[in-house]
Amino acid sequence: MSLGVRWTLHGDGKTPVPGAVVRPDERLSWPRTFGLGAQHVVAMFGASFVAPVLMGLDPNLAIMMSGVATAIFLLATKGRVPSYLGCSLSFVGVAATIRASGGSSATVTGAVLVVGAALFLVGLAVQRFGARIIHAAMPPVVTGAVVMLIGFNLAPVTASTYWPQDQWTALAVMLFTGLAVVCLRGFLSRIAIFLGLVFGYALSWALDLVFGQIHSPAGGAEAVDHWRLDLSAVGSADWIGLPSFHAPSFEWSAILVALPVVIALVAENAGHVKAVGEMTGDPLDDKLGTAIAADGAASMLSTAVGGPPNTTYSENIGVMAATRVYSTAAYWAAACFALLFGLCPKFGAVVAAIPGGVLGGITVILYGMIGLLGAQIWLNGRVDLRNPLNLVPAAAGIIIGVGGVSLKITDNFELSGIALGTIVVITGYHVLRAFAPAHLKSQEPLLDAGTSAYDEESGPDRL
């Protein structure tokens, strides 16, 4: 049985001729392949290192497990879906909510492990019954609203935690990152977040050198004198060593907060599989369920040892589009590099030292982009918000999720924020649809962004 770990040499193994593409089962020379693998690692640097820091988890473990997750994904899809799995930003708001209610890192990873299990089961269901079950349960109006409330729910984290630590650095990093995203071209535009982090790091160091310590909140509510960039932990960190592992713990309140992210992950995977299929010219309808299940299994393994969840990374898909090299050999090389980085505690200490003001500038853009992906799903799915059947549940759920509205069930249990907003969107839409007059339901079939090909011709026999 083929596992997709054998590749034929493309041409002479050097630069492809103009217009040619390097297919997933092909490779360039090994030095070039490892160079491309390193480029893929750099492409996921920004988001994949920021995410664990924002979640309060070990960045070394995050990068190491991203390499393991990528290997699992490539094996599961038998080398047909070239993708890198990095730390998912969709869980940052979940982690913040769980920690705000007194949860520990073990509580966060336990809740996310359950989400990984749910994603794995969704993948198996798609394999068995076809992608239309996703469309029936989570049409774009639902998926878009949930992704939007997950992203915008993070706004208070930036406003109250990161931005106040150094507002002027945050403003400068925000402007620099925005310019990098818009003005740079090719590969540089794909690593704009990473470039913003490097700029903010250097700026914080320069400001400390010129102006000394800053008087502001440093992760707490009380303002104190502190260095913008504290590298004290870097000097004491070892060059080689294992990251810190911990076992997960499970609490129902935390699990309910995390479960809605399954919807965002399904939408991400569906869109990415479709995008890769279009780029490589290989219809990947039959691999959608496998890709979703592999993502879930990889996230379960990562969170079981204390790492963050993983998802396919659009940054790396962008690198493929720019280079026209879709070889999975490059992704195996990237996975190996990630494992090596994960075994360097000093590298993790450098990442963990990212100043709060820098994170403030980055997250203003990053969190907003996550939220606006929901709007993009609405646009791609041609959701008509003039239709009250779409408008009412989406409007109510987003306000509940963003505003942190709570519903007290018992003295010890309440639903709020992301969890309550998601429940309102999903149940509200389907309940209203059951009672709505026929003219409100007579619209085109609702499909998730990036999966319009899974319509009439796809079914259980196709997956």
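Use the structure listed above.
Residues numbered from 1 in each chain as written. Predicted model: local features only at pLDDT ≥ 70, side-chain atom pairs only at ≥ 80, totals over all residues. Heavy atoms only, no water.

A. Highlighting helix H3 (residues 59-76). Here H3 spans 25 Å end to end across 18 residues, near enough to the 26 Å set by a 1.5 Å rise per residue. With 14 of 18 residues buried, H3 is to be regarded as a mostly interior element. Sitting at the head of H3, Asp58 places a side-chain oxygen 2.9 Å from the backbone nitrogen of Asn60. Once H3 finishes, Lys78 follows within two positions and takes phi at roughly 55°, a positive value. (Helix = DSSP H or I, 4+ residues; strand = E, 2+ residues; numbered from the N terminus. Expected span 1.5 Å × (residues − 1). Buried < 20%, exposed > 50% of the residue type's maximum accessible area, 1.4 Å probe, protein only. Polar contact = N/O pair within 3.5 Å; in protein donor to acceptor, adjacent residues only side chain to side chain.)

B. Looking closely at the pattern of salt bridges. Going through the model one piece at a time under the given rule, you end up with three salt bridges. With a shortest N-O distance of 2.9 Å, Arg386 and Asp384 are connected by a salt bridge. Judged by relative accessible area, Asp384 falls into the partly exposed class, the value being 28%. Salt bridges here are not isolated pairs; linked through shared partners, they connect Asp166, Asp208 and Arg228. (Salt bridge = Lys/Arg side-chain N within 4 Å of Asp/Glu carboxyl O.)

C. Highlighting the packing of aromatic side chains. This model, assessed by the stated rule, comprises four aromatic pairs. The interplanar angle of 85° and the centroid separation of 6.0 Å between the aromatic rings of Trp7 and Trp30 together place this pair among those described as edge-to-face. Of this pair, Trp7 sits in the segment before strand E1 (8-9) while Trp30 sits in helix H1 (residues 30-43); the two residues are 23 residues apart in sequence, bridging distant segments of the chain. Judged by its relative accessible area of 36%, Trp30 falls in the partly exposed class. Look at Phe176 and Phe199: their rings are 4.3 Å apart centre to centre, the planes differ by 5°, and that puts the pair in the stacked class. Linking Phe176 in helix H9 (residues 167-183) with Phe199 in helix H11 (residues 192-211), this pair joins segments that are 23 residues apart in sequence. Classification of Phe176 by relative accessible area gives partly exposed; the value is 30%. Taken together through their ring pairs, the aromatic side chains of Trp7, Trp30, Phe34 and Phe337 make up a single cluster. (Phe/Tyr/Trp six-rings, centres within 6.5 Å; stacked < 30°, edge-to-face > 60°.)

D. How the structure looks around the nonpolar core. One finds Met55, Tyr367 and Trp378 to be the most contacted residues of the largest nonpolar core, which totals 94 residues. Ranked by residue count, the leading element in this core is helix H14 (residues 261-280), at 10 residues. Once residues within four sequence positions are removed from consideration, Met55 is found in contact with Cys87, Ser88, Phe91, Val92, Ala95, Arg99, Val108, Pro308 and Pro309. In this structure, Val22, Leu28, Val325 and Ala330 belong to the second largest nonpolar core, which totals five residues. (Core = buried A, V, L, I, M, F, W, Y, C linked by side-chain atoms within 4.5 Å. Contact = heavy atoms within 4.5 Å.)

E. Geometry of the packing of helix H7 (residues 140-152) against helix H19 (residues 356-380). Following both chains from N to C, one finds H7 and H19 inclined at 170°, their axes separated by 7 Å at the closest point. Here H7 lies roughly antiparallel to H19, going by the angle between them. Between H7 and H19, the residues in contact are Pro140, Val141, Thr143, Gly144, Ala145, Val147, Met148, Gly151 and Phe152 and Tyr367, Gly368, Ile370, Gly371, Leu372, Leu373, Gly374, Ala375, Ile377 and Trp378, respectively. (Axes fitted to C-alpha atoms, helices over the stretch in contact; angles between N-to-C directions. Parallel < 35°, antiparallel > 145°, perpendicular 65-115°, else oblique.)

F. Focus on the environment of Ala293. Along the chain, Ala293 turns up in helix H15 (residues 288-304). Taking the C-alpha atoms as reference, Ala293 lies 6.2 Å from Leu124; in sequence the two are 169 residues apart. Discounting residues that sit within four places of it in the chain, Ala293 has contacts with Leu119, Phe120, Gly123 and Leu124.

G. Inspection of the side chain of Asp208 at higher detail. Along the polypeptide, Asp208 turns up in helix H11. Within the structure, the side chain of Asp208 is placed 2.9 Å from the backbone nitrogen of Leu229, a separation counted as a polar contact.

H. The arrangement of a nonpolar patch on the surface in detail. There is a patch of nonpolar side chains on the surface, built from Trp205, Leu209, Val210 and Phe211 and spanning about 520 Å² of accessible area. You can call Trp205 exposed: its relative accessible area is 51%. (Patch = residues over 30% accessible without salt bridge, like charges linked within 9 Å, V, L, I, M, F, W, Y side chains within 5 Å. Areas by Shrake-Rupley, 256 points an atom, 1.4 Å probe, with all protein chains shown as cover.)

I. Structural view of helix H17 (residues 328-342). With 15 residues, H17 extends 21 Å between its outermost C-alpha atoms, agreeing within 8% with the 21 Å of an ideal straight helix rising 1.5 Å per residue. For H17, the full list of buried residues reads Thr328, Ala329, Ala330, Tyr331, Ala333, Ala334, Ala335, Ala338 and Gly342.

J. Layout of the environment of Arg23. Residue placement: Arg23 occurs in the loop between E1 and strand E2 (26-27). The class of Arg23 is partly exposed, set by a relative accessible area of 34%. As for Arg23 and Tyr326, which are separated by 303 residues in sequence, their C-alpha atoms are 5.2 Å apart. Excluding anything up to four places from it in sequence, Arg23 contacts Thr280, Asp282, Tyr326 and Ser327.

K. Structural view of the packing of H3 against H15. Contact geometry for H3 and H15: axes closest at 9 Å, N-to-C directions at 150°. Overall, the two elements H3 and H15 adopt an arrangement that is roughly antiparallel. Our pair here, H3 against H15, has a crossing hand that is right-handed. Between H3 and H15, the contacting residues are Met65, Val68, Ala69, Ile72, Phe73 and Ala76 on the first element and Thr290, Ala291, Ala294, Asp295, Ala298, Leu301 and Ser302 on the second. Here the residues of the contact of H3 with H15 are counted per class, giving 10 nonpolar, two polar and one charged. (Left-handed = near helix turned anticlockwise from the far one by under 90°. Nonpolar A, V, L, I, M, F, W, Y, C, P; charged D, E, K, R; others polar.)

L. Representation of the side chain of Arg228 in the model. Following the sequence through the fold, Arg228 ends up in the loop between strand E5 (223-226) and helix H12 (232-236). Separated by 3.2 Å, the side chains of Arg228 and Asp166 make a polar contact. Residues contacting Arg228, with those up to four places away along its chain left out, are Asp166, Ser204, Leu207, Asp208, Phe211, Gly212, Gln213, Ile214 and Pro355.

M. Representation of unusual backbone geometry in the model. One non-glycine residue, Lys78, lies in the positive phi region at around 55°. Under the relative-accessibility criterion, Lys78 is labelled partly exposed at 36%. Even without being glycine, Arg382 reaches a positive phi, approximately 55°. Checked against the element boundaries, Arg382 lands in the loop between H19 and helix H20 (388-403).

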